[in-house]
Amino acid sequence: MIHNRSMPTDVLIPVIAYPSVSEAVAWLADAFDFRLRWQVGAHRAQVSVGPTAAIAIVAGDVAVGADHVMVRVAGIDAHRARAERAGARVTDIGDYPYGERQYSATDYAGRTWVFTESVADLAPADWGATVTSVSEGGSPHPT
């Protein structure tokens, strides 16, 4: 892959539509501490989520449904409080058997975000997951 300073190093970059790119960038920065990486006019922006992850924000209709973005954070309780102060509707707060503390938040446009913080180091098999790994050749095999 060619290095491109315009792109994050992530392999996965969620692209999320909002009615106003500028309003979304401002709200996401205020509520979730995301940082603007770049913006092109009123139609597209990219925000940093921590040191290596990024999300693309595009102008468009908001399709509300089961889609969401999961974001790993440190200090989840303070993060949740900040989101609530900014007007996020917070639900589903709890610790889960797979070693994560999470909350869900609905933003000003009706989009669902899930924030997660690791609270234990557990192997997936410890909590009942089916585990596979990918060999160097890219073929999955059971572990």
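Analysis parameters
- Residues numbered from 1 in each chain as written.
- Predicted model: local features only at pLDDT ≥ 70, side-chain atom pairs only at ≥ 80, totals over all residues.
- Heavy atoms only, no water.
- Helix = DSSP H or I, 4+ residues; strand = E, 2+ residues; numbered from the N terminus.
- Buried < 20%, exposed > 50% of the residue type's maximum accessible area, 1.4 Å probe, protein only.
- Contact = heavy atoms within 4.5 Å.
- Areas by Shrake-Rupley, 256 points an atom, 1.4 Å probe, with all protein chains shown as cover.
- Salt bridge = Lys/Arg side-chain N within 4 Å of Asp/Glu carboxyl O.
- Pairing = 2+ DSSP bridges.
- Axes fitted to C-alpha atoms, helices over the stretch in contact; angles between N-to-C directions.
- Polar contact = N/O pair within 3.5 Å; in protein donor to acceptor, adjacent residues only side chain to side chain.

It is worth spelling out the overall build of the chain at this point. From N to C terminus, the chain includes two helices and ten strands. Order of helices (α) and strands (β) in the chain, N terminus to C terminus: β-α-β-β-β-β-α-β-β-β-β-β. In the chain, buried positions account for 34% of the 143 residues. Taking as baseline every contact in the chain between residues at least 6 positions apart, the subset at least 24 positions apart corresponds to 50%. Accessible area of the chain: about 8,700 Å², with a carbon and sulfur share of 55%.

The next subject is the pattern of salt bridges. Close approach of charged atoms lets side chains of opposite charge pair. Counted according to the given criterion, the structure contains five salt bridges. Here Arg82 and Asp33 are joined by a salt bridge, their closest N and O atoms 3.5 Å apart. With Arg82 in helix α2 (residues 76-85) and Asp33 in the loop between α1 (21-32) and β2 (35-40), this residue pair connects regions lying 49 residues apart in the sequence. For Arg82, a relative accessible area of 27% gives the class partly exposed. Given the relative accessible area of 33%, Asp33 is considered partly exposed. The partner of Arg101 in a salt bridge is Asp95, with the nearest N and O atoms 3.1 Å apart. With relative accessibility at 54%, the residue Asp95 sits in the exposed group.

Turning to the sheet that holds strand β5 (residues 68-72), a few remarks are in order. Pairing between the strands of a sheet is mediated by backbone hydrogen bonds and can be parallel or antiparallel. Reading across the sheet, the four strands line up as β5-β8-β7-β6 and stay open at both edges, with mixed pairing between neighbours. Pairing within the sheet leaves two strands with one partner each, and these edge strands are β5 and β6 (89-96). Neighbour-to-neighbour, the strand axes of this sheet turn through a mean angle of 20°, independent of strand direction. As defined by bridge partners, strand β7 (residues 100-106) adjoins strand β8 (residues 112-118) across seven bridges and the pair is classed as antiparallel. Counted as the bridge partner of Thr106 is Thr112 from β8.

Tracing the sequence through the fold places Asp95 in strand β6. In sequence terms Asp95 and Glu117 are 22 residues apart; their C-alpha atoms lie 9.4 Å from each other. Beyond its immediate chain neighbours, meaning those up to four positions away, Asp95 contacts Glu100 and Arg101. A polar atom in the side chain of Asp95 sits 3.1 Å from the side chain of Arg101.

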